[in-house]
Amino acid sequence: MEVSHFINTIIEEDIKSGKHKKAITRFPPEPNGFLHLGHARAIITNYMMAKNHGGYFNLRFDDTNPVKEDISFVEAIKEDIAWLGCHWENLFFASDYFDEMYERALLLIKKGKAFVDDLSADEIKEYRGDLTTPGKDSPYRNRLIEENLKLFIDMKNGVYPDGKKVLRVKIDMTSPNMNMRDPIIYRIQRAFHHNTGDKWCIYPMYDYAHPIEDAIEGITHSLCSLEFEDHRPLYDWVVENCEMENVPRQIEFGKLIMAGKVTGKRYIKQLVDNNVVIGWDDPRLITLSGLRRRGIPSEAITDFIVALGLPKSQGATEIDMLDQIVRDHLKSTAPRTNAVLDPLLLVIDNYPEDKVEYLEAENNRENEELGTRQIPFSKYIYIEREDFIEEKPNKKWKRLALGIEVRLMHAYFVKANSVEKDDKGNIIKVHCTYDVETKSGSGFNSRKPNGNIHFVDAERSKLAEIRLFDDLILDFENKDVPFFDKVNPNSLIVKSGLVEENMNPAEMDRFQFTRNGYYCVDKDSTDEHMVFNRIVSLRSSYKKKAN
RNA sequence: UGGGCUAUGGCCAAGUGGUUAAGGCACCGGACUUUGACUCCGGGAUCGAUAGUUCGACUCUAUCUAGCCCAGCCA
C-alpha cells in the first residue's frame, strides 16, 4: 500500500544515500495490557515501513519490569497483531538481551561513564531539581571505577536489598532536559520474571535497554510516539557510549487519539472490573480485541490508519471516519438478509390462508457472485414497527401508513387498511391488501410505491439476540463530572429480533440487515441462540430530515 | 517559570516561496434508486496572532498566544 509521510521520506533518503539497504523496524509493546486502536498506528506504520522498503519487522516484548508485566498479555498481543496482518520476522523479548545489557553496563563503568549511587529514592528526586532548577551531582558520583565495578557486581549478586542502590550514567545534572540528569539505568528489584525467572535481581531501565535492544537487532529506524522526543538524546548517548555496532535512529510521530473513546488502561480495567463492559473484548471498546469481536474487518483498520497519515500534530479523530471505511469494506462483501428488530404483525387479508411462496432475493446487488436465496412469504409477516404509522405525516414519509401503498422488497405492493390495538392503544396488528400484479421481477411499473420496506415471514423466521451499541461514555470531554458518572447506561441495547429462517451463520460471519446496518455473529452465538453485534449502522438521512 | 513538540474549514489531513489552498469524514442541497443505503452532481477555509523579509509567503525571520509532553528506582 502506498504511503507518504515524513518518516517514509526519511527512510527513502537513507536508502537512496546508501546509509541503509533496507528498513528494519520493530513494535515493542510492554506485556502489561491489551492493545487498542492507538497501538494499531504504531504496529501498522512499523510493519509497512519495513515491508515497503525491502526489510522486515520484529515483534519485541519490552519486558524489563517484571513487577508490571504478565505473560498472559503476550499471547493476547500476538493474536491482535496477527489479526492486523502484520507478520513479524522475529519474535524477541528484551529479556533475551539481559546478559549483553549487563556487559555493556560494565563497559560504561570501566569507561568512567556510570556510577553506583547510594542515595535514596527521595534524595535522588531532590538532587534532580525540577523543571526550572538545575540538579546537583550526587555525592557518590565520583567513586572510583574499581569501587563502582565491585558495587555493581554486588548489586547483581543480590548483596543489597531492593532500592538500596542504583546504577546511574554520568551526563549532566544541569541539563534542561530532565532525562539527561544522570539517569538511572539499573535498579534492584527482586521479582520473578516470566522469562528469566529468578536469575536477575537487577533490571535495566527503559532508556538504557531500549536503544541496546534496537541496536542488537539491527533496527534501522526506531519509530515511537512523540512523548519520547525528549528521550532521543539519551537514546543516542547510550548507543554511542555502549559502543553499539549498529546505530538505529529514533523517529517520533503523533499518537492516534479517538474522540470520546476510552483508551487508558486503568479506565478500561475499571470498566471491566465493575462489569460495565463484558471484558477487554467488549464490542463497545476500541481495544483491538473489542473491534475484532464487534466485527470490524482488520483491513478496514489498516485503511483507516493509512488514511489518517502520520502527523505530529495533536488532535482527536472522530469515529465516523472509521465507520465509513468499515461500510466501504462491507458493502460489496456482506450478504444482505432481512431482520426485524422490533416486529409488528402485518396481515395480508386478501392472501390465501395456507399459501406460502418462495421469492428470489439477491444476496448483494453490487456483487452478483454472492448469489441469491429464496425467502418465504405468506399471509402473516412481520415488518419493522417504525416502518408503519397510522397517518402519513408528510410527503417525505416513504414507508407504510393507512391508505398508503409500499413495496415489500422482493414481494408485492401492499396497502394498509386498518389497525388493531391493545387496551393501551398500542398497535398490535396492521391489516392490508396486496396486489398480485405487482410481484417483484414481473416488470410491473404502472405505478410507484410510496417506498420499499423489508419483512420477515411470521412463521418461517427465527428468533435472534441482536446487540446494538452506543457511546460508552457520555459527555466525554467534561472534566467536571467524575468518570463513572459519565458512563452511558444505555450503551448496550439488546433486541430480541427475527431473522430469516435460512439464517445459519458461522462464527464471525458478517451480514447487512437490509435497511438497517452491518452485523457480525458474536462469539456468544450458538445454533440455538444466535447473537449478532451491530458493527455499524447504515447511513441514514431519514432522522435528520424528520427533525 | 526551563526544555522539547504542535498550531490549515465542525473532525482528520495534504502542502517545504508563485496552485482557483488536495483529499477523506461530517454537514447542507439535488439526481438516481426494489435498502431514506449505494452511486453521481453541487456547496464552504486565506492557512493561531502580530510585525518583518520578498516582485510574491500557508510555506522564510522575529515576537506573541494556545495546546501537548518531561521533575518514576514505569514504559
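Predicted model, so just to flag it, every value in this text is computed and none were measured.

**Things to note about empty space enclosed by the protein**
Right, so step 1: Summed over all chains, the structure comprises three cavities of 30 Å³ or more.
Right, so step 2: Its volume calculated, the largest cavity comes out at about 60 Å³.
Right, so step 3: Residue lining of the largest cavity: G260, K261, V262, R284, L285, I286, D471, L472 and I473, and that is the complete set.
Right, so step 4: Each residue belonging to the lining of the largest cavity can be placed in one class, and the counts come to five nonpolar, one polar and three charged.
Right, so step 5: A domain split of the lining of the largest cavity shows at least three residues from each of domain 2 (257-327) and domain 4 (462-537).
Right, so step 6: Taken as a whole, the second largest cavity encloses approximately 50 Å³ of empty space.
Right, so step 7: Taken together, N338, I375, P376, F455, V456, D457, R460, S461, E500 and E501 form the lining of the second largest cavity.
Right, so step 8: Where the lining of the second largest cavity is concerned, the elements lending two or more residues are β16 (372-378) and β24 (456-457).

**So, the protein's contact with RNA strand B**
Right, so step 1: By nearness alone, 64 residues border RNA strand B, and D230, Q314, K396, S440 and R539 come closest of all.
Right, so step 2: What you see for RNA strand B is that sugar and phosphate hold 63% of its atoms within 4 Å of the protein.
Right, so step 3: K331 is positioned such that a nitrogen or oxygen atom in its side chain is 2.9 Å from a phosphate oxygen of RNA strand B.
Right, so step 4: Within the backbone of K396, one N or O atom sits 2.5 Å away from a base nitrogen of RNA strand B.
Right, so step 5: Put simply, the parts of the chain that give the surface near RNA strand B at least two residues each are α5 (121-128), β6 (184-188), β11 (316-317), α12 (319-331) and α13 (542-546).
Right, so step 6: Among the residues making up the surface near RNA strand B, the classes are represented as 20 nonpolar, 20 polar and 24 charged.

**Quick look at the pattern of salt bridges**
Right, so step 1: The final tally for this structure, using the stated rule, is 46 salt bridges.
Right, so step 2: The partner of R60 in a salt bridge is E217, with the nearest N and O atoms 3.1 Å apart. Taken together, the residues R60 in strand β2 (residues 56-61) and E217 in helix α7 (residues 206-217) connect sequence positions 157 residues apart. Side by side, R60 and E217 carry an identical accessibility label, which is buried.
Right, so step 3: Connected through salt bridges with shared partners, the residues D281, R293, E465, R467, D522, K523 and D524 form a single ionic network.

**Quick notes on the domain arrangement of chain A**
Right, so step 1: Here chain A is described as being made up of domain 1 (6-253), domain 2 (257-327), domain 3 (337-460) and domain 4 (462-537).
Right, so step 2: Taking only C-alpha atoms, the centre of domain 1 and the centre of domain 3 are 65 Å apart.

**Considering the state of the cysteines**
Right, so step 1: Scanning the model with the defined rule gives zero disulfides in all.
Right, so step 2: Considering cysteine sulfurs only, C224 is the nearest to C86, which forms no disulfide, with 18 Å between them.
Right, so step 3: Cysteine C242 is unpaired, with the sulfur of C224 as its nearest cysteine sulfur at 18 Å.

Rules and cut-offs
Residues numbered from 1 in each chain as written. Chains lettered and ligands numbered in written order. Predicted model: local features only at pLDDT ≥ 70, side-chain atom pairs only at ≥ 80, totals over all residues. Heavy atoms only, no water. 1 Å grid on protein atoms, 1.4 Å probe; cavity = no way out; pocket = protein on both sides within 12 Å on 5 of 7 lines; lining within 4 Å. Points joined across faces, edges and corners; volume = space filled by probe spheres on them. Nonpolar A, V, L, I, M, F, W, Y, C, P; charged D, E, K, R; others polar. Domains from an automatic or database assignment. Helix = DSSP H or I, 4+ residues; strand = E, 2+ residues; numbered from the N terminus. Near = heavy atom within 4 Å. Polar contact = N/O pair within 3.5 Å; in protein donor to acceptor, adjacent residues only side chain to side chain. Salt bridge = Lys/Arg side-chain N within 4 Å of Asp/Glu carboxyl O. Buried < 20%, exposed > 50% of the residue type's maximum accessible area, 1.4 Å probe, protein only. Disulfide = S-S within 2.5 Å.

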